[in-house]
Amino acid sequence: MLLSASLCLAFAQDILLRIARCYLVGDPVPVLVPAGMVLEGSSEALCPPPTLELRPSCNKTVASSPTLGSSSQHHDSLFPGDKEPVKYGELIVLGYNGSLTNGDKGRRRSRLALYKRPKANGVKPDVIHNISTPLVSKALSNKSQHSISYTLSRSHSVIVEYTHDTNTDMFQIGRSTESMIDFVVTDTSPSGSGASEGQSAQSTISRYACRIICERSPPYTTRIYAAGFDSSKNIFLGVENESNTLQDGSLIDLCGATLLWRTPAGLRRTPTLKQLESLRQELNAARPQCPVGFNTLAFPSLAQREIVDKKQPWVYVNCGHVHGYHNWGFRKEKAGGGGAGNERECPMCRRVGPYVPLWLGCEGGLYLDAGQPPTHAFCPCGHVCSEKTARGWAQIPLPHGTHAFHAACPFCGAWLTGQLGYVKLIFQGPVD
């Protein structure tokens, strides 16, 4: 069976693997759950800006150190004479609170900013071949030619050869550490530990998961496509069509990790690390106290991860009462063999539930507003953020595995529990 010219052109369009739609609260932005990526790794064009010494820069020639989300990052080494290169947007891996557990290193990091490349490296469809399967390997043997093979049946394939496109930049994402991958992503597990942040034999993320194509001219439209080109510059796909334009708030499901796309306009509506640090200092300046021990509580530095400070506030997540740490109040008798032996009884209201330390959410790109006080915490992990951010993420079912969806904390990936998935924090001020 021969394909018509129009059908061949349809196959020439790259496609999304799958898509699910939901909405961020207050923002009518569809949240996509597909897969798409880049070509030819050019790390100097991808270096995210340094931020408050929590994320070291990979470009030592950067002239200044503005905070993340700021519109004044400088990348002088990329565009001589240009102090402000075009920024297409940023990709943020959900489940990491500002950086990977062992730190961001090179192309393996929790956040990646995409900038206009010094020289376009995009590709576009050129020649279409309607061939039988035995000829596929021969047609794809030219390693200097990018191509995509669409398998229609055991005996029928369409091969689309690609040519250089001077109007677009391409970025590739995947598990592979080969040079053509710009953003190396590994499986994310709850609490942001990842798959040991290295290669995993059981990883469900594709080596060449997806690619992103950015138009180099305004309005800098960004699109995502299924699969990335391998070392032979080939892609093999089935056929399925979906809209693939990324918008602020789009979620990209890599079947093992979920990425959030934020546009420059969207990032301007989120807090920078400097602003989050100011909010932390304001919280501590109010001198919240433990209502039982009357000791003053203090949120630890944003740079402090996983190590609980002795002054750190703790919360009973079922009621929101904030206390200092204490080792009493266990209700083992209510466990009943159901695994609830670590639950505590709040001394203020007698409600029983998990008792966890509070951590400020310091990945600004995950917030849905800027400058609002961190008044709510996700349950059961205790990550603190603004009310709008907590309410918004609690209503978004995130991909879990290849078929399930469940609301989760964006800062650590823990599944949300309780009626709302978050709780309003109840602090006690100083008694003096």
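A.B. asks: Got a minute to help me understand the overall build of the protein in this structure?
C.D. replies: Helix and strand counts for the protein stand at five helices and 25 strands. The 432 residues of the protein split such that 55% are buried. When the accessible area of the protein is evaluated, it comes to approximately 18,900 Å², of which 52% is carbon and sulfur surface.

A.B. asks: Looking at this model, I keep getting lost on the nonpolar core. Mind explaining?
C.D. replies: Note that soluble globular proteins tend to have their nonpolar side chains buried in a common cluster. Core analysis: the biggest nonpolar cluster contains 43 residues, and Leu358, Phe378 and Trp393 have the highest contact counts within it. The element contributing the most residues to this core is helix 4 (residues 273-285), with four residues. Sequence-distant contacts of Trp393, defined by excluding residues within four places in its chain, comprise Leu94, Leu251, Leu260, Leu366, Leu368, Phe378, Leu398, Ala407 and Pro410. Judged by nonpolar contacts, the second largest core, of 23 residues, contains Tyr88, Leu100, Leu114 and Leu259.

A.B. asks: Sorry, what's going on with the state of the cysteines here?
C.D. replies: Here a disulfide denotes a covalent bond joining the sulfur atom of one cysteine to the sulfur atom of another. A complete count under the given rule lists zero disulfides for this structure. Looking at the unpaired Cys349, the closest cysteine sulfur is the one in Cys319, lying at 3.6 Å. Looking at Cys349, the relative accessible area reads 29%, which means it is partly exposed.

A.B. asks: Looking at this structure, how should I read the sheet that holds strand 15 (residues 314-316)?
C.D. replies: Each strand in a sheet pairs with its neighbour through backbone hydrogen bonds, running either in the same direction (parallel) or in the opposite one (antiparallel). Taken in spatial order, the three strands make up an open sheet running 16-15-19, and their pairing is antiparallel. Every interior strand has two partners, whereas the edge strands, strand 16 (322-323) and strand 19 (355-357), have only one. Sheet topology places strand 15 next to strand 16; two bridges connect them, and they run antiparallel. Along strand 16, the bridge assignment pairs Val315 with Val322.

A.B. asks: Would you take a moment to explain the sheet that holds strand 20 (residues 359-360) for this structure?
C.D. replies: Taken in spatial order, the four strands line up as 20-22-21-25 in an open sheet, and their pairing is mixed. Both outer strands of the open sheet, strand 20 and strand 25 (422-424), are each paired with one neighbouring strand and no more. As judged from the two bridges shared by strand 20 and strand 22 (residues 383-385), these two strands associate in the parallel manner. Directly across from Trp359, in strand 22, lies its bridge partner His383. Along the sheet, helix 5 (residues 387-394) contacts strand 21 (376-378), strand 22 and strand 25; its crossing angle with strand 21, the most-contacted strand, is approximately 30 degrees.

A.B. asks: Looking at this model, I keep getting lost on the environment of Asn318. Mind explaining?
C.D. replies: Structurally, the position occupied by Asn318 is in the loop between strand 15 and strand 16. When the C-alpha atoms of Asn318 and Gly421 are compared, they prove to be 9.9 Å apart, with 103 residues separating the residues in sequence. Leave out the neighbours within four places in its chain, and Asn318 touches Arg351, Val352, Gly353 and Pro354. Within the local environment of Asn318, its side chain forms a polar contact with the backbone oxygen of Val352, the two atoms lying 2.8 Å apart.

A.B. asks: How should I be thinking about the packing of aromatic side chains in this particular structure?
C.D. replies: Aromatic rings in a pair are described by how distant their centres are and how their planes are angled relative to each other. Enumeration according to the criterion identifies nine aromatic pairs in this entry. With a centroid separation of 6.2 Å and an interplanar angle of 65 degrees, the aromatic rings of Tyr88 and Phe171 are classed as edge-to-face. Placement of the pair is Tyr88 in strand 3 (residues 87-93) and Phe171 in strand 8 (residues 168-174), with a sequence separation of 83 residues. Taking 4.8 Å as the distance between ring centres and 50 degrees as the angle between the ring planes, the aromatic pair formed by Trp314 and Tyr325 counts as tilted. Remark: Tyr325 occurs in the loop between strand 16 and strand 17 (344-345) and Trp314 occurs in strand 15; sequence separation between them is 11 residues. A residue is classified by how much of its surface remains accessible, and Tyr325, at 48% relative accessible area, is partly exposed.

How each quantity is defined
Residues numbered from 1 in each chain as written. Predicted model: local features only at pLDDT ≥ 70, side-chain atom pairs only at ≥ 80, totals over all residues. Heavy atoms only, no water. Helix = DSSP H or I, 4+ residues; strand = E, 2+ residues; numbered from the N terminus. Buried < 20%, exposed > 50% of the residue type's maximum accessible area, 1.4 Å probe, protein only. Areas by Shrake-Rupley, 256 points an atom, 1.4 Å probe, with all protein chains shown as cover. Core = buried A, V, L, I, M, F, W, Y, C linked by side-chain atoms within 4.5 Å. Contact = heavy atoms within 4.5 Å. Disulfide = S-S within 2.5 Å. Pairing = 2+ DSSP bridges. Axes fitted to C-alpha atoms, helices over the stretch in contact; angles between N-to-C directions. Polar contact = N/O pair within 3.5 Å; in protein donor to acceptor, adjacent residues only side chain to side chain. Phe/Tyr/Trp six-rings, centres within 6.5 Å; stacked < 30°, edge-to-face > 60°.

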